[in-house]
Amino acid sequence: MAKKLQLEDLERAKSKKEAKTEEQDLEDLYDLIIPPGTPSYIIYDIVEEFDLEPVGRKLSVHIVETDEREVIVLRGILEEVQAAERYLRDELQAWIDSD
């Protein structure tokens, strides 16, 4: 007897295919983790100036207690991420020194 195709079977097959595609898409990409509390104007400037994609990612954040939080990461190729990291460091230092 032939198996009857169900909607759930199609959804599972599609999600497996999408997961494989996402893994391949991420192969040459790197993440720049934005520290919690970073002023939003710095994040906007980095996104506009560098070719990085803002995405959310769950990470363990050690502030007072270890919590898993959704943080902003900027994803892109290695050279762009490294340049953005230098820019972020300089901008955060200027922000700290301005007070």
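In this convention, every chain numbers its residues from 1, walking through the sequence in written order. Per-residue local features of the predicted model are confined to residues with pLDDT of at least 70, and side-chain atom pairs are confined, for both listing and counting, to 80 or more; whole-chain, interface and lining totals are unaffected and use all residues. Here the side-chain values reflect all heavy atoms present in the structure, with hydrogen atoms and water set aside.

Trainee: Looking at this structure, I do not really get the pattern of salt bridges. What am I missing?
Mentor: Two side chains of opposite charge can pair, provided their charged atoms sit close to one another. Here, a salt bridge means any Lys or Arg side-chain nitrogen found within 4 Å of an Asp or Glu carboxyl oxygen. Enumeration over the complete set of coordinates arrives at two salt bridges. Two residues, Arg 57 and Asp 31, come together in a salt bridge whose shortest N-O distance is 2.6 Å. A residue pair is termed long-range when its members are at least 10 positions apart, and Arg 57 in strand β2 (residues 53-62) and Asp 31 in strand β1 (residues 30-33) qualify at 26 residues. A 1.4 Å probe rolled over the protein chains alone gives each residue an accessible area, and that area as a share of the maximum for its type sets the label: buried under 20%, exposed over 50%, partly exposed in between. Given the relative accessible area of 30%, Arg 57 is considered partly exposed. On the accessibility criterion, Asp 31 (25% relative accessible area) is partly exposed. Between Arg 75 and Asp 31 there is a salt bridge whose closest N-O contact spans 2.7 Å. Here Asp 31 lies in strand β1 and Arg 75 lies in strand β3 (residues 66-76), a separation of 44 residues in the sequence. A relative accessible area of 17% means that Arg 75 is categorised as buried. Through salt bridges with shared partners, a single ionic network connects Asp 31, Arg 57 and Arg 75. Put simply, DSSP H or I for four residues or longer makes a helix, DSSP E for two residues or longer makes a strand, and each gets a number counted from the N terminus.

Trainee: Even after reading the chapter, I still don't get helix α3 (residues 78-97), so can you show me in this structure?
Mentor: Note that an α-helix has 3.6 residues per turn; residues three or four places apart therefore point the same way. Helices are assigned an expected span. That span is 1.5 Å times one less than the residue count. Between its first and last C-alpha, α3 extends 29 Å over 20 residues, near the 28 Å set by a 1.5 Å rise per residue. All of the buried residues in α3 are Val 81, Ala 84, Tyr 87, Leu 88 and Leu 92. Burial along α3 is one-sided: seen end-on, the buried residues are contained in an arc of 135 degrees. Away from the buried face of α3 by more than 90 degrees, exposed residues Glu 79, Asp 90 and Asp 97 are located. By arc we mean the arc of the directions from the helix axis to the C-beta atoms, nothing more.

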